[in-house]
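Chain residues, written in single-letter form:
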Amino acid sequence: MNMMNTSGPGGRSAAFLNRIVSNQTDKRRTVNEAVGRVLSAYLPTVYDEQLREQIDWLLDSMLLELGEQPGVAAAEGMVRGGRALVVTGQAGVGKSRALAHAFASRPEFEGFGKPGEWCPLLSVVAPSPFTLGALGNEIARKLGYHGRREIQHSKVWPVVRELMAECGVRILHIDEAQHGDEIKSDTMAQEVENTLKRMMQEADWPIWLILSGLPELSRFCQNDASMKRRVRVLPFEALAFPDHAESVRQTVRDLVAMCPSVGCRELQADAFAHRLLHAATYQFGIVVEYVQDAIAECLAVEGGGELGLGHFADVYAIRTGVRDDDLNPFIADDWTAIPVEAALYEDVVDEAGKPTGARKPKGRSTKGVRK
């Protein structure tokens, strides 16, 4: 008999998940195992090596600034502050997935993403709608603050700096950092930048930053001559046709290869690669998602067989809610004229329901970028 403890939330959740598993049919379990392999796959990206080099730069600068580089004598009063790596790209290009892979695979960040284990890097997603106080409270919560009320805006950042030092966190990653642009006041936008700069310049515990988000994020510290040299920008670019048609086909082959019951002979033409790129707004992260979801659709409905345009058309309809075949880029005749961005993204609204000027992708999050 399974004597699982269900007295707490964790136990109850585990018991519920155990019920799902025990009630799966053999077909559901087999399909889930195949889909799990496809969804968990990390495809090497064109930016992996560049990202590795920039993280190397960030870590090496830390050793030099803190006087810990072997063979280099530490100069008195040498610490000038942290550095910042800014990773930019359109939604779906794959920057978040590439960063998560780098964080999880680098030995310097051992413990990243593992509950209860220490890691020198903390990763948070900027809140939206955005306020500086909300960001500070999100960081404090991730660092272990469990107060019943949010810390006041004027007090939260000193608490954050203290918690960073207490927890031994040297690097702060803020994803979707462009949410700071939701602040329309130039004064408030400058306050966000100044707050992050102060953390980098803290004498007792300087912080190194990794910021990732949309291209407008590249403006970070560019108007500050004293800080500009401490910031590096790594842009992730969109794809193009026909330049990346073979990359698309290779991605389909690689993911299908994880499911022996699925084939992709019908999807090796340039015409398909072009349709898929257009449907994904030329962002390879979304390309990967479409392929993953189309394989899952093929397995769930037919149990395998040849992957075809129909599977991709179904996935597009499910993801966007578009039911008109003439507006589906996988089957429409005039597919290049279809404004797929309007179907893939929706406006972000504030608590009053008013548009903030930002947009978010519909459906699940995006993945990596192929070489």
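Look above for the structure.
Cut-offs and rules
- Residues numbered from 1 in each chain as written.
- Predicted model: local features only at pLDDT ≥ 70, side-chain atom pairs only at ≥ 80, totals over all residues.
- Heavy atoms only, no water.
- Helix = DSSP H or I, 4+ residues; strand = E, 2+ residues; numbered from the N terminus.
- Expected span 1.5 Å × (residues − 1).
- Buried < 20%, exposed > 50% of the residue type's maximum accessible area, 1.4 Å probe, protein only.
- Pairing = 2+ DSSP bridges.
- Axes fitted to C-alpha atoms, helices over the stretch in contact; angles between N-to-C directions.
- Contact = heavy atoms within 4.5 Å.
- Parallel < 35°, antiparallel > 145°, perpendicular 65-115°, else oblique.
- Left-handed = near helix turned anticlockwise from the far one by under 90°.
- Nonpolar A, V, L, I, M, F, W, Y, C, P; charged D, E, K, R; others polar.
- Salt bridge = Lys/Arg side-chain N within 4 Å of Asp/Glu carboxyl O.
- Core = buried A, V, L, I, M, F, W, Y, C linked by side-chain atoms within 4.5 Å.
- Lys, Arg positive; Asp, Glu negative; His and termini not counted.
- Patch = residues over 30% accessible without salt bridge, like charges linked within 9 Å, V, L, I, M, F, W, Y side chains within 5 Å.
- Areas by Shrake-Rupley, 256 points an atom, 1.4 Å probe, with all protein chains shown as cover.

## Topic: helix H11 (residues 284-302)
Helix length check: H11 (19 residues) gives 27 Å between terminal C-alpha atoms against 27 Å at 1.5 Å per residue, within 8%. Counting buried positions along H11 gives 14 out of 19 residues, so the element sits mostly inside the fold. Looking at the residues trailing H11, positive phi occurs at Gly303, about 75 degrees.

## Examining the sheet that holds strand S5 (residues 231-235)
If you trace the 5 strands from one edge of the open sheet to the other, you get S2-S3-S4-S1-S5, paired in parallel fashion. Single-partner strands in this sheet number two, and they are strand S2 (121-125) and S5. Shown here is a sheet whose adjacent strand axes are inclined to one another by a mean of 15 degrees, direction ignored. Summarising the sheet, strand S1 (residues 84-88) and S5 pair through 5 bridges and their orientation is parallel. Residue pairing in the sheet places Val86 in a bridge with Val233 of S5. Contacts between helix H4 (residues 95-105) and the sheet are confined to S1, S2, strand S3 (171-175) and strand S4 (208-213), with S4 contributing the most and set at about 145 degrees to the helix.

## Focus on the packing of helix H5 (residues 132-142) against helix H6 (residues 153-166)
Packing of H5 against H6 leaves a shortest axis separation of 9 Å and a crossing angle of 30 degrees. With respect to H6, the axis of H5 lies roughly parallel. For H5 against H6, the interelement crossing comes out left-handed. When H5 is examined against H6, the residues Leu132, Gly133, Leu135, Gly136, Asn137, Ile139 and Ala140 are found in contact with a partner set consisting of His153, Val156, Trp157, Val160 and Leu163. Partitioned by chemical class, the residues of the contact of H5 with H6 number 8 nonpolar, 4 polar and no charged.

## Some words on the pattern of salt bridges
One pass over the full model with this rule turns up 13 salt bridges. Residues Arg161 and Glu202 are paired through a salt bridge, measuring 3.5 Å at the closest nitrogen-oxygen approach. With Arg161 in helix H6 and Glu202 in the loop between helix H7 (186-201) and S4, this residue pair connects regions lying 41 residues apart in the sequence. Look at Arg161 and you get partly exposed, because its relative accessible area is 23%. Residue Glu202 is classed as partly exposed on the basis of its relative accessible area, which comes to 28%.

## Quick word on the nonpolar core
Core analysis: the biggest nonpolar cluster contains 46 residues, and Leu276, Tyr290, Ile295, Leu307, Phe312, Tyr316 and Phe330 have the highest contact counts within it. At 11 residues, the largest contribution of residues to this core is made by H11. Once residues within four sequence positions are removed from consideration, Leu276 is found in contact with Val248, Val287, Tyr290, Val291, Phe312 and Phe330. Counting residues in hydrophobic clusters, the runner-up holds 33 residues, among them Ala126, Val192, Leu196 and Ile207.

## Brief notes about the environment of Glu341
Considering the arrangement of structural elements, one finds Glu341 in helix H13 (residues 340-344). Residue classification places Glu341 among the partly exposed residues on the basis of a relative accessible area of 40%. Considered as a pair, Glu341 and Thr281 are 60 residues apart in the sequence and their alpha carbons are 6.6 Å apart.

## With respect to the packing of helix H10 (residues 270-279) against helix H12 (residues 309-320)
Here H10 crosses H12 at 5 degrees, and the two axes come no closer than 12 Å. When the interaxial angle is binned, H10 and H12 end up roughly parallel. Only Leu309, Phe312 and Tyr316 of H12 make contact with H10, whose side of the interface consists of Phe272, Arg275, Leu276 and Ala279. Of the residues belonging to the contact of H10 with H12, the class tally is 6 nonpolar, no polar and 1 charged.

## Brief notes about the side chain of Glu193
With respect to the helices, strands and loops of the structure, Glu193 is situated in helix H7. Here Glu193 sits buried without a salt bridge, and the closest side chain of opposite charge, Lys197, lies 4.3 Å off (N-O distance). Excluding its chain neighbours within four sequence positions, the residues that come into contact with Glu193 are Arg219, Phe220 and Cys221.

## With respect to a nonpolar patch on the surface
A contiguous nonpolar patch, built from Phe16, Leu17 and Ile20 and spanning about 280 Å² of accessible area, is present on the exposed surface. Position of Ile20 among the secondary structure elements: in helix H1 (residues 9-22).

## Some thoughts on unusual backbone geometry
In the segment running from Ser128 into Pro129, the intervening peptide bond is cis, with an omega of 0 degrees. Its location among the elements puts Pro129 in the loop between S2 and H5. Going from Phe241 to Pro242, the amide bond is cis rather than trans, its omega being 10 degrees. Topologically, Pro242 is positioned in the loop between S5 and helix H9 (245-256). Its identity is not glycine, yet Thr281 carries a phi of approximately 50 degrees, on the positive side. Locating Thr281 in the fold gives a position in the loop between H10 and H11. The phi angle at Tyr282 is positive, at roughly 65 degrees, despite the residue not being glycine.

Read these as spatial facts, not as claims about activity.
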